[in-house]
Amino acid sequence: MPDYPRLASFRTAEAFDARLEELELELPFDSELTPGPDAPLAQPLTLKTGPLAGFTLGNRFCVLPMEGWDGTLDGRPTELVERRWERFGLSGAKLIWGGEAVAVQADGRANPNQLLITSETVEELAELRRVLELAHEQQFETTADLLIGLQLTHSGRFARPTGKQMAPRILYHHPLLDRKFGIDADMPVITDDYIRRLIESFVKAAKLAQDAGYAFVDVKHCHGYLGHEFLTATTRPGAYGGSFENRTRFLREVIEGIRAEAPGMAIGVRVSAFDFEPFQPGPDGTGIPTPFETSTYDFAFGGDGTGVGLDLTEPFAFMDLLAEREIELVCITGGSPYYNPHIQRPALFPPSDGYQPPEDPLVGVARQIAVTAALKAHQPELV
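If you're wondering where the values come from, they're calculated on a predicted model, not measured in any experiment.

A. Seen up close, the overall build of the protein. On a plain count of helices and strands, the protein comes out with 11 helices and 11 strands. Relative to the globule expectation of 21 Å for 383 residues, the C-alpha radius of gyration of the protein, 21 Å, shows essentially globular dimensions. On the principal axes, the C-alpha backbone points of the protein span a range of 55 × 50 × 40 Å. Every one of the 383 residues in the protein was classed for burial, and the buried ones make up 50%. A separation threshold of at least 6 residues defines the contact pool for the protein, and within that pool the share at least 24 residues apart is 69%. As displayed, the protein offers around 17400 Å² of accessible surface, 53% of which is attributable to carbon and sulfur atoms. Put simply, the protein has 34 plus and 55 minus side-chain charges, and the middle of one group is 5 Å from the middle of the other.

And the structure:
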């Protein structure tokens, strides 16, 4: 089993740089920390396009969306959720990216205590925003430079709306994930009619979020959930699979619907811009790629067909699609915690049901930074 050095063991910038050289990684860093108001992350940021053009964020710190397990069974916030959002406000971060992953319909919840946005729950979600704003204003005197969004999601293949038992909604049969998660070969895939109704649910949810005072919604396209699965649906026939145009049709139609039904509502997208094939524990517990029988692995958005390499041709096209629609808020992540967590959250310690990391976590950090830098260079106007 690999024994990687802990980051805390590098006491000097020189020691850390030596480790990077040993790993043959390009990961430039400042050897001295700039504190206080001159720090890079303390600088304001002005948005340039879309409904939020001209809005200035007070700093570059961001709170990414949580997937809570502590709401009520009917999708409402509890005191624990409110306390978390109060902490978001006290943190000082000026961009609250979604705050919480909120399902747009009941069958898309990732767990039975995930928040749900409906006409019955929307007032409680508005109160969450108010709790955050009040805490932020009391601590920092103003909310004029604070931007709060709400992440909208459907968990698709990884839906568990009523309990521990998965109740997947799949776009296509995946040769490795079906086997890994016990999905029968005769399970029906969701229909185009279901997808069209789901688009209506996303649009309705965005309108409700606007009514609740949120500045933007994130149309989630990451981590193996349904939005991400659209991007990998190369074998699905019909209007929502196959070609890149078809695999992005869901997102384009959601955007069009939000623009029509909730004018002035800004849109963001959190996307897994690259993916690997599923990993599994090897003989010593270290993660290894799951063998596949085909000549190429065609189910990794941003993958090169090997299952463990990158090709950013389609992610570049995805950034172009967003830029053309004046969607400036883009959050880059990768992979999925369900089947290759070492690339999605590089760490020395695996999840309880996972495998030991097959690479030094710094390799994963460098990969994520390099992909994000390449996408930023391709579309520099995207935040």
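Next comes the rest of the account.
B. Here's a closer look at the nonpolar core. In terms of nonpolar packing, the biggest core is built from 73 residues, with Tyr214 and Ile258 touching the most fellow members. By residue number, the principal contributor to this core is helix H5 (residues 192-211), which donates 10 residues. Apart from the residues lying within four places of it in its own chain, the contact partners of Tyr214 are Trp85, Leu125, Leu128, Arg129, Ile148, Gly149, Leu150, Ala209 and Met265. Leu52, Leu57, Leu329 and Cys331 belong to the second-largest nonpolar core, a separate cluster that totals 10 residues.

C. Layout of the pattern of salt bridges. Tallying each qualifying case throughout the model produces 21 salt bridges. Ionic pairing is found between Asp360 and Arg19, a salt bridge with its closest N-O pair at 2.6 Å. Remark: Arg19 occurs in helix H1 (residues 13-23) and Asp360 occurs in the loop between helix H10 (341-344) and helix H11 (361-378); sequence separation between them is 341 residues. Arg19 matches Asp360 in its accessibility class, with the two residues each being buried. Between Glu381 and Lys48 there is a salt bridge, with the nearest N and O atoms lying 3.5 Å from each other.

D. Here's a closer look at H1. Looking at H1, one finds that the buried residues are Phe16, Arg19 and Leu20. Projected onto a plane normal to the axis of H1, the buried residues spread over an arc of 100° and lie on a single side. Opposite the buried face of H1, by more than 90 degrees, sit the exposed residues Glu14, Glu21 and Glu22. Among the structural elements, H11 are those in contact with the buried residues of H1.

E. Structural context of the packing of aromatic side chains. Evaluated as defined, the whole model comprises 17 aromatic pairs. Taken together, the ring pairs connect Phe158, Phe181, Tyr225 and Tyr338 into an aromatic cluster. The ring centre of Tyr172 lies 5.7 Å from the NZ or CZ of Arg157, which sits over that ring.

F. Spatial organisation of the state of the cysteines. Scanning all chains against the criterion turns up 0 disulfides. Between Cys331, a cysteine without a disulfide, and Cys62, which holds the nearest cysteine sulfur, the sulfur-to-sulfur distance is 6.2 Å. We classify Cys331 as buried; its relative accessible area is 10%.

Each value, and the rule that gives it
- Residues numbered from 1 in each chain as written.
- Predicted model: local features only at pLDDT ≥ 70, side-chain atom pairs only at ≥ 80, totals over all residues.
- Heavy atoms only, no water.
- Helix = DSSP H or I, 4+ residues; strand = E, 2+ residues; numbered from the N terminus.
- Rg over C-alpha atoms; globule rule 2.2 N^0.38 Å.
- Buried < 20%, exposed > 50% of the residue type's maximum accessible area, 1.4 Å probe, protein only.
- Contact = heavy atoms within 4.5 Å.
- Areas by Shrake-Rupley, 256 points an atom, 1.4 Å probe, with all protein chains shown as cover.
- Lys, Arg positive; Asp, Glu negative; His and termini not counted.
- Charge placed at Lys NZ, Arg CZ, Asp CG, Glu CD.
- Core = buried A, V, L, I, M, F, W, Y, C linked by side-chain atoms within 4.5 Å.
- Salt bridge = Lys/Arg side-chain N within 4 Å of Asp/Glu carboxyl O.
- Arc of directions from axis to C-beta.
- Phe/Tyr/Trp six-rings, centres within 6.5 Å; stacked < 30°, edge-to-face > 60°.
- Lys NZ or Arg CZ within 6 Å of the ring centre and 35° of its normal.
- Disulfide = S-S within 2.5 Å.

Distances and angles like these do not, on their own, reveal function.
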